[in-house]
Every structure is written in C-alpha cells, then in structure tokens.
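The lines below spell out each chain.
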Amino acid sequence: EKEKRRIDMKVLITPRGFANYGTDIVKEMEAKGVTVHYNDTGKQYTPEQFLELAKDADGIIVGVDVMDKAMMEQCPNLKVVQITSIWNMQKREVSM
C-alpha cells in the first residue's frame, strides 16, 4: 500500500467569506499536512495582523487585503500568491 504523502507547508487565506464556504477544503488540506489559517473574524485584517500571519506562510490566498513588495519581502518562505479579488489585481501592482 502506498504511503500518503504529507505536505509540510503553511497557507494563509484572507478572504472573509472563506469561513462560510471553504472549511471542507481546509480539512482536506490539513489531512495532507498543510497548516491552514483562514480569516474567520468577519473583518478585514489590519496591515499589522496580515503581516504577522503571513510572515512565515508558504502560500497566501488573498482577497482585498493589500499585499505589496515591501510586505512580500518580509515573507521569506512565500512561494505562491493567489489573488481572488479583481479589485486587487486592477489597483495593486504586485511585483518582486
């Protein structure tokens, strides 16, 4: 029998609505060894909260939270960013 592959990484999910529709996905990710933190506060993170949660993340799924070059430079483990907000893509330039 094949051994299940575990993924050792941390993912931050910032969209507030995720707590309403994404918890099944979180359970699947956690079962594979992924540490997941998602926003269940009902409020947008402050820049300070966002940075504190993001600084050791390997991946971030971001909604309307501001993520710029200066912020990303403080996240040395970051490998991937998924932007779910069209507003964010239009209004922010995310480049390294």
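All of these numbers come straight from a predicted model, not from anything done at the bench. (Residues numbered from 1 in each chain as written. Predicted model: local features only at pLDDT ≥ 70, side-chain atom pairs only at ≥ 80, totals over all residues. Heavy atoms only, no water.)

Asker: Explain the side chain of Thr 14 here, please?
Answerer: Along the chain, Thr 14 falls in the loop between strand 1 (9-13) and helix 1 (18-21). With a relative accessible area of 1%, Thr 14 lands in the buried category. Separated by 3.1 Å, the side chain of Thr 14 and the backbone nitrogen of Gly 63 make a polar contact. Dropping the residues within four chain positions of it, Thr 14 is found in contact with Asn 39, Tyr 45, Phe 50, Ile 60, Ile 61, Val 62, Gly 63 and Asp 65. (Helix = DSSP H or I, 4+ residues; strand = E, 2+ residues; numbered from the N terminus. Buried < 20%, exposed > 50% of the residue type's maximum accessible area, 1.4 Å probe, protein only. Polar contact = N/O pair within 3.5 Å; in protein donor to acceptor, adjacent residues only side chain to side chain. Contact = heavy atoms within 4.5 Å.)

Asker: Would you mind going over the packing of aromatic side chains with me for this structure?
Answerer: Aromatic rings considered in pairs are described by the distance between their centres and by the relative angle of their planes. Following the criterion strictly, the structure yields two aromatic pairs and no others. Note on Phe 18 and Tyr 21: the rings are 5.6 Å apart at their centroids and 70° apart in plane angle, and the pair reads as edge-to-face. Within this pair, Phe 18 and its partner Tyr 21 are both found in helix 1, separated by three residues, close to a single helical turn. (Phe/Tyr/Trp six-rings, centres within 6.5 Å; stacked < 30°, edge-to-face > 60°.)

Asker: Just checking my understanding: could you explain the confidence of the model for the protein chain for this structure?
Answerer: As a general rule, the predicted coordinates of low-pLDDT regions are not to be interpreted in detail. With 84% of its residues at a pLDDT of at least 70, the protein chain reaches an overall mean of 85. Ranking the helices and strands of the protein chain by mean pLDDT puts strand 1 first, with 96, and helix 5 (residues 86-91) last, with 51. (pLDDT = per-residue confidence, 0-100.)

Asker: Explanation requested: the side chain of Asp 58 in the structure shown.
Answerer: By the element assignment, Asp 58 lies in the loop between helix 3 (47-54) and strand 3 (59-62). Accessibility expressed as a relative area gives 10% for Asp 58, which makes it buried. A polar atom in the side chain of Asp 58 sits 2.8 Å from the backbone nitrogen of Lys 10. A polar atom in the side chain of Asp 58 sits 2.7 Å from the side chain of Lys 79.

Asker: What is the right way to read the pairing of strand 1 from this model?
Answerer: For a regular strand, the rule is simple: side chains alternate between the two faces of the sheet. Burial analysis of strand 1 places four of its five residues in the buried class, the great majority of the element. Alignment of strand 1 against strand 2 (residues 34-38), held across five bridges, turns out to be parallel. Each bridged residue has a counterpart across the sheet, and for Lys 10 the counterpart in strand 2 is Thr 35. As defined by bridge partners, strand 1 adjoins strand 3 across three bridges and the pair is classed as parallel. Among the inter-strand pairings, Ile 13 is bridged to a residue of strand 3, identified as Ile 61. (Pairing = 2+ DSSP bridges.)

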